[in-house]
Amino acid sequence: MTLDPSPSPAFGTANLSNCEREQIHLAGSIQPHGALLTLRDGDFAIMQESANAASFLGMAGLLRGLHPRRLGGDLWARIEPHIAQRSIQSIPLALRCAGPGGAPLNALLHRAGSGELVIELERAGPIIDAAAAIERDVDTILSASSLRELCDSCAVMFRDLTGYDRVMVYRFDDEGHGEVFSETRRPELEAFLGNRYPASDIPQIARRLYERNRVRLLVDIDYTPAPLEPRLSPATGDELDMSLCFLRSASPIHIQYLKNMGVAGTLVVSLMVGGRLWGLISCHHYAPRFLHFEMRAVCELLAEVIGTRIAALESFAQGQAELTVRRLEHRMIQSVCREGDWRGALFDSAQSLLLPLNATGAALLFEGKMRTIGEAPGTEQIRELGAWLAHRLTDGVFATSALATEEPAFAPLTGVASGVVAARISNEPDEMLIWFRKERIRTVTWGGNPFKPPSDSDDPSELSPRRSFAQWHQVVEGTSDPWSAADRAAARLIGESVTDVVMQFRALRILIAQDQLDHVLRQVHAADQPIIVASPDGLVLESNRALNDILESAGPIRHLDELPGHFVDSAAVAQRLAALRDTRTPWRGETLLIKASGAAQPVAIRADPVLASHDRVLGYVLLFTDLTERKAADMARERFRHSVMLSQRQLMGRIETSAALTVEALMSRIIDNAQLAALEIADGLDTAGIPETLESVRASVARAAEVLEQISRVANQIEGRRAKSKRDAP
């Protein structure tokens, strides 16, 4: 899609050259199955109304200027206690109320980004056994042991809940393209499972709205929009920001898109994982279909639980890869101790190096030498590739699944190295590990030809994103299977492990290879990891600037006896160093450094004796690692545990006694899911990302609690009305 540099088009005026920027949140109209009112701050008089508001409420004349209490029913009594709540700026508050004449209504209250207080009204739905449905489906979600099983179950559960003709779980890839990952449908409908759709089908503005407004209902694509009157807010003079409005009109381009598919009504529920839009649960119906708030709330709650489970499954997969990498690191360290080298352990088994990344070949470039395993290019080709990669490893890892596209000169490597991922193993730019994947010629099935030029005309009704949604098959050549985030994380971890081993290996060579001293010292001094190389009597032979930086020392450490004074527990450190020198006891531990500010910085210490033979010590190697990020992750886990339990206690404090047991049981299941996710997330590869990921799970639990509270509140209001009706009956 070619982007037009002109200003963003107003709602309903976009064409395919600029639809990416259409202001769909400023729709200025609603779907007519409900009504919308905005209230003025201060006196709370009605400022704007949808054109159908009066008729929807069974009233005559304009509603503007009226106070909500004059509408009849108990709308104002229901919403007044909540208008000052901060939470309604991010998630609408649902309330059951009575309209004029006593008709039951659902009211959703929120404060728009432009500041207005917005009330949306719809007909109240029938009573549903929400507790039973949620409990059953949460059990199904928790029992899923793989992403495929989870998404397949999700499609079935949402079709059973909502009754739509087709339900798809739609997953986004790293480039924003979508794939129908799971599907259930009426038997006579064409299958979309496996179809891919280009990223341009869902513009970025729409994706951001899916992140804010998690459930989107389109009742009937042939609806006549009810405009806001007046269009511009009297309070601001601007369009109403309708980002959180469930009644907001859909873009004409999206409507045409659905018409091309033969779809008459849709329900779309967002799947959020780690604070990002992972995918969508997309429900299609081939006749108009309305879903009441009660069921939409159940769908949103389940989507939050599903998102948490996806995060757990993805983190568990990364944790399994980490175990494999740690075993590989252990073998390399043993090899250094036994044989004075680590490369044999790295290449003694194809499975050790290739399996963590599902690669078909690998190569090591180290100190001007090369070693390969599996299916790999020739020696000179790898050297040329290494030189090309050296300038692309700025953040430590580079990955591509289409090497010839990145650099046409490497087209001859396509058969064996269409996919390449590389990880730096030292500060030398030409020292790296490279993994290869062979070309996989495959057929990608698109829902319509994504490369067909769009068709525009002067008549907006003729605007069509793609005329045909018949399957369009593209033969993809010159690419490998894409490297996943877990693959890239595993490559980074292996590279970091090899970097540690390389440092230990080079420290050993300082002690046993004086003729190579200058070269090896340069590597050690340039290393980012703090290191000490000491003689058998504890004299520091070499250390680096990174050590001085972490110790905040004015000058270099000259003897191991000086080291304990830099730590909080100096006596324990001194005892460990004495054991290292006196009994050759290695040290693997954590302790606290004293910083100049007086603060304590957590560090890990790896201290090893270097043995020339069973009874002769050449010296000692000490490596230091900053544990600040790991400790932050530990604190995040503890905060997470307290937060989710607090969410449960706060929720139970607000729930009426009659519903407390049911709500407590449901909330316990949701928290169990979150706690399980937290354990599996904590085993992931990316330590720095753990606090952010746990925060996203905590936010999901909090949002689920709010939705559950709303479901309970509406149910209690219904029961209250019934009880009152019985008491008032003659």
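Rules and cut-offs
Residues numbered from 1 in each chain as written. Predicted model: local features only at pLDDT ≥ 70, side-chain atom pairs only at ≥ 80, totals over all residues. Heavy atoms only, no water. Helix = DSSP H or I, 4+ residues; strand = E, 2+ residues; numbered from the N terminus. Buried < 20%, exposed > 50% of the residue type's maximum accessible area, 1.4 Å probe, protein only. Contact = heavy atoms within 4.5 Å. Expected span 1.5 Å × (residues − 1). Phe/Tyr/Trp six-rings, centres within 6.5 Å; stacked < 30°, edge-to-face > 60°. Lys NZ or Arg CZ within 6 Å of the ring centre and 35° of its normal. Pairing = 2+ DSSP bridges. Axes fitted to C-alpha atoms, helices over the stretch in contact; angles between N-to-C directions. pLDDT = per-residue confidence, 0-100. Patch = residues over 30% accessible without salt bridge, like charges linked within 9 Å, V, L, I, M, F, W, Y side chains within 5 Å. Areas by Shrake-Rupley, 256 points an atom, 1.4 Å probe, with all protein chains shown as cover. Salt bridge = Lys/Arg side-chain N within 4 Å of Asp/Glu carboxyl O. Parallel < 35°, antiparallel > 145°, perpendicular 65-115°, else oblique. Left-handed = near helix turned anticlockwise from the far one by under 90°. Lys, Arg positive; Asp, Glu negative; His and termini not counted. Polar contact = N/O pair within 3.5 Å; in protein donor to acceptor, adjacent residues only side chain to side chain.

For the protein chain, the count of helices and strands is 19 helices and 25 strands. For the protein chain, the residues scored as buried account for 55% of the 730 residues in total. Contacts in the protein chain between residues at least 24 apart in sequence constitute 64% of all its contacts with a sequence separation of at least 6.

A separate point is helix α4 (residues 147-162). Its 16 residues give α4 an end-to-end C-alpha distance of 22 Å, which sits within 8% of 22 Å, the value for a rise of 1.5 Å per residue. When α4 is considered as a whole, its buried residues turn out to be L147, L150, C151, C154, A155, M157, F158, L161 and T162. Two residues or fewer after α4 comes G163, characterised by a positive phi angle close to 80°.

Here the focus is the packing of aromatic side chains. For the structure shown, the criterion picks out four aromatic pairs. Seen in terms of ring centroids, Y170 and F172 are 5.5 Å apart; in terms of plane orientation they differ by 90°. Their pairing is edge-to-face. Centroid distance W388 to F398: 5.6 Å. Interplanar angle 85°. Geometry classified as edge-to-face. Of this pair, W388 sits in helix α10 (residues 379-390) while F398 sits in strand β16 (residues 397-400); the two residues are 10 residues apart in sequence, bridging distant segments of the chain. In this structure W388 comes out as buried when scored by relative accessible area, which is 11%. For F398, a relative accessible area of 13% gives the class buried. Put simply, the rings of W388, F398 and F410 pair up and form one aromatic cluster. Against the face of F181 rests R148, its NZ or CZ located 3.8 Å from the ring centre. Above the ring of F172, the side-chain terminus of R207 is found at 4.5 Å from the ring centroid.

Right, let's get into the sheet that holds β16. The strand order across the open sheet built from five strands is β15-β14-β18-β17-β16, with neighbouring strands paired in antiparallel fashion. In this open sheet, the two edge strands, each paired with only one partner strand, are β15 (369-374) and β16. Strand after strand, the sheet turns through a mean of 10° between neighbouring axes, direction not considered. As paired strands, β16 and strand β17 (residues 419-424) are joined by four bridges and run antiparallel to one another. Looking at the pairing, T400 lines up with V420 of β17.

Attention now goes to the confidence of the model for the protein chain. Per-residue confidence for the protein chain gives a mean pLDDT of 82; residues scoring 70 or more make up 83%. Per-element mean pLDDT across the protein chain ranges from 46 in strand β20 (residues 471-476) up to 96 in strand β11 (residues 226-229). Confidence drops under a pLDDT of 50 for residues 1-5, and excluding neighbours within four residues, the segment shows 12 contacts in the predicted structure. With pLDDT under 50 throughout, residues 456-468 is counted as low confidence; its partners more than four residues away or in other chains account for 35 contacts.

Quick look at a nonpolar patch on the surface now. Residues V568, L592 and I594 make up a contiguous nonpolar surface patch of roughly 240 Å² in combined accessible area. Topologically, L592 is positioned in strand β23 (residues 587-594).

Running from amino to carboxyl end, helix α3 (residues 130-143) crosses α4 at an angle of 165°, the nearest separation of the two axes being 9 Å. One element, α3, and the other, α4, form an angle in the roughly antiparallel class. In this structure, α3 meets α4 at a crossing whose hand is right-handed. Side by side, α3 and α4 meet where A133, R136, D137, T140, I141 and S143 of the first sit next to E149, L150, S153, M157 and L161 of the second.

Another aspect to go through is the environment of R616. Along the chain, R616 turns up in strand β25 (residues 616-626). Between the alpha carbons of R616 and P536 there is a distance of 9.3 Å; along the sequence they are 80 residues apart. Other than its neighbours up to four places away in sequence, R616 contacts R584, V610 and L611.

This model, assessed by the stated rule, comprises 24 salt bridges. In this structure, the salt-bridge partner of R185 is E183, at a minimum N-O distance of 3.7 Å. The shortest N-O distance in the salt bridge between R186 and E188 comes to 2.4 Å. Exposure remark for E188: the relative accessible area of 55% places this residue in the exposed category. The network of salt bridges with common partners includes R214, E300, E304 and R703.

The next point concerns the sheet that holds strand β3 (residues 46-50). Read from one edge to the other, the open sheet built from seven strands follows the order β1-β11-β3-β2-β6-β5-β4, with strand pairing classed as antiparallel. Every other strand in the sheet has two partners, leaving β1 (29-30) and β4 (93-98) as the edge strands with one partner each.

A word on the side chain of E116. Within the element layout of this structure, E116 appears in the loop between β5 (104-111) and β6 (117-123). Buried and without a salt bridge, E116 has R111 as its closest oppositely charged side chain, separated by 7.5 Å. Of note is the side chain of E116, whose polar atom sits 2.8 Å from the side chain of S233. Setting aside chain neighbours within four positions, we find E116 in contact with T38, M47, H110, R111, S233, T236 and L240.

Attention now goes to unusual backbone geometry. Following E229, the chain continues into P230 via a peptide bond in cis, with omega recorded as -5°. If you trace the backbone, P230 turns up in the loop between β11 and α6 (252-261). Phi is positive for F44, close to 60°, though the residue is something other than glycine. With a phi close to 50°, N358 is a non-glycine residue in the positive phi region.

Once that is clear, we can look at the pairing of β25. With eight of 11 residues buried, β25 lies mostly within the body of the structure. When strand β21 (residues 531-534) meets β25, the two strands line up antiparallel, connected through four bridges. Residue pairing for β25: I531 is matched across the bridge by L623.

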